[in-house]
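# Secondary and tertiary structure notes
Okay, here's what each chain looks like letter by letter:
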Amino acid sequence: MKSDAPALRPSFSLFALIALLGLAILAAVAQVPHPAAAPGTLNAADVAWMLTATAFVLIMTPGLSFFYGGMVRPKNVISTMLQSFVALGVISVLFYFVGFSLCYGDSWHGLIGNPLTFAMLRNVGTAPNPAFAASIPFVLYFAFQLKFAIITPALITGSFAERVRFKGYLAFMVLFSLFIYCPLAHWTWHPEGFLHKWGVLDFAGGTVVHISAGVAALAGAMVLGRRSANLRPTSFSTPNVPYVMLGTGLLWFGWFGFNAGSALGANELAAVSFVNTNLASGAALIAWILVEIVRGGKPTAVGACTGAVVGLVAITPAAGYVDYGQSILIGVIGALVSHAAVHWQNSRTTIDDTLDVFPCHGLGGIVGMLLTGVFAAKDGLFYGKTSLFGYHVLGLVIVVAYSFIGAWVLLKITDRIFGLRVKLQEEELGLDLSQHEESTYHIDEEFERTYRREPVTQNA
């Protein structure tokens, strides 16, 4: 796909800078109430754990950047890592001004929150909000949920790595967060959200985070088309396995905050979800390696890391609702399904999902959501009750359709206005240089010849 969008000039960046400055001044001078906690209304242990869990979840995004950065070619490592890392800034500001309100503000028919309810953290202070978390400061609940909003669009980047224009990606990230992530969070986690009222269970984001990101990633891969390197034979292999392993370790570590933190307190539920998280990931790691061997290959480090992440994804919606042994089964099934999907997608289709985001996060989340409906204690299909599973299937259809169609439309709009696909010359040079004028290795001579002496559209 070649974009017909006009080149973005520095004037656009100047406009964005002025807008940011204006918003910063507004935030600084606006008189916004932040209610303080009354004595005895906070639980010190819960506050301590949630501060820790929030920091754990934050480290997942840099971990994701290493995980993704280790699986692309050296000329695209910086750009790929930055696509994850930049979400820490963009989504933080967006969530402060409007995102948190869209997720958790006064509900409009169970579909979306009032964007003014908590704008600029209005009525969000150290006082707890019993509707969401009764024993911790409401501003800490904001901080915790912010980290989920940050990593979700970052997950999508693995699908169109090595060929996406940086400014186009930034625009899509903002649109995705506002029009897909925030509504899904409201549907699922707000007390008035329609999925929440149906009884759909998503303990820590299998639906809101992983299914939405995985399905949007599939749309992204289809809209942007295949990389030029994938249109011809190549001997390319994973260039930096230690980065992949480092990223996996950081993700696994941070996931304890992601899942156990979703108990919203230092309690038994946090302990159960903590253990389930580790068991599912470990089981999925083993299953992935064994499948590699059964298929006639060698056990690989990248395979072990991918399996571990898939297990983490699959257990996320179920972490607080299932028994320990069931978490192991969820991890194994997630690994088997995702491994088969990766092989099928890469061998039987022309979809260039660069880092297999849909098979691993999309399908991993789908497996987790369905098996939550099967094994959720007392209410799942395993216990002879069909209502919860039925609502999970219906909710799954709605979430997948909304995420895919919504992402497709937003990608097309973004491409039309900003441009999404870099030019062939920029892709061949590598996005590190063509988008950021940075490199992990020394190729000044090539840069001078290819980029500076033969000017191309400046995109970053």
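For the structure itself, look to the data block above.
Just so it is clear, the model here is predicted, and its values are computed rather than measured. Note on numbering: residues in each chain are counted from 1, in written sequence order. With the structure being a predicted model, the display of local features is reserved for residues of pLDDT at least 70 and the display and counting of side-chain atom pairs for 80 or more, all residues being used for whole-chain, interface and lining totals. Only heavy atoms go into the side-chain values, all of them from the structure, while hydrogens and water stay out.

### Things to note about the environment of Leu-26
Inclusion rule: What counts as a helix is a DSSP run of H or I of at least four residues, what counts as a strand is a run of E of at least two, and both are numbered from the N terminus.
Along the chain, the position of Leu-26 falls in helix H1 (residues 10-29). For the pair Leu-26 and Thr-126, spaced 100 residues apart in sequence, the C-alpha separation works out to 22 Å.

### Some remarks on the packing of aromatic side chains
Aromatic rings considered in pairs are described by the distance between their centres and by the relative angle of their planes. Our working definition: Between 30 and 60 degrees the pair is tilted, below 30 it is stacked and above 60 it is edge-to-face, where a pair is any two Phe, Tyr or Trp rings, Trp via its six-membered ring, whose centres lie within 6.5 Å. The buried label goes to any residue with under 20% of its type's maximum accessible area, the exposed label to any with over 50%, and the partly exposed label to all in between, with areas taken from a 1.4 Å probe on protein chains only.
Tallied over the full model, the rule gives 33 aromatic pairs. Measuring from ring centre to ring centre gives 5.5 Å for Phe-100 and Phe-138, while their planes differ by 55°; the resulting arrangement is tilted. Here Phe-138 lies in helix H5 (residues 138-156) and Phe-100 lies in helix H4 (residues 87-104), a separation of 38 residues in the sequence. This pair shows no difference in class: Phe-100 is buried, exactly as Phe-138 is. Look at Phe-172 and Phe-176: their rings are 6.0 Å apart centre to centre, the planes differ by 40°, and that puts the pair in the tilted class.

### A few points about unusual backbone geometry
The backbone of Met-120 sits at a positive phi, close to 55°, despite the residue not being glycine. Mapping Met-120 onto the fold places it in the loop between strand E2 (112-113) and H5. Residue Met-120 is classed as buried on the basis of its relative accessible area, which comes to 12%. The backbone of Leu-264 shows a phi angle near 60°, a positive value even though the residue is not glycine. Of note, Leu-264 is situated in the loop between helix H9 (241-260) and helix H10 (268-294).

### So, the side chain of Thr-54
Using the following cut-off: Identification of polar contacts relies on pairs of N or O atoms within 3.5 Å, with a donor-acceptor requirement for protein atoms, meaning one able to donate a hydrogen and the other able to accept it, and with residues adjacent in sequence counted only if both atoms are side-chain atoms. Contacts are residue-level and defined by heavy atoms, with any inter-residue pair within 4.5 Å sufficient.
Note on placement: Thr-54 falls in helix H2 (residues 44-69). Classification of Thr-54 by relative accessible area gives buried; the value is 6%. From its side chain, Thr-54 meets the backbone oxygen of Met-50 in a polar contact 2.7 Å long. Ignoring any residue separated from it by four or fewer positions in sequence, one finds Thr-54 in contact with Leu-140, Ala-143, Phe-144 and Lys-147.

### Observations concerning the pattern of salt bridges
The test is simple: What makes a salt bridge here is a side-chain nitrogen of Lys or Arg within 4 Å of a carboxyl oxygen of Asp or Glu, nothing more.
Under the definition given, this model contains 7 salt bridges. A salt bridge links Arg-227 to Glu-162, with the shortest nitrogen-to-oxygen separation between them at 2.5 Å. With Arg-227 in the loop between helix H8 (206-224) and H9 and Glu-162 in the loop between H5 and helix H6 (166-189), this pair connects stretches of sequence that are 65 residues apart. Judged on exposure class, the residue Arg-227 and its partner Glu-162 are both buried. Sharing partners across several salt bridges, the network here consists of Arg-73, Glu-162, Arg-163, Arg-227 and Asp-352.

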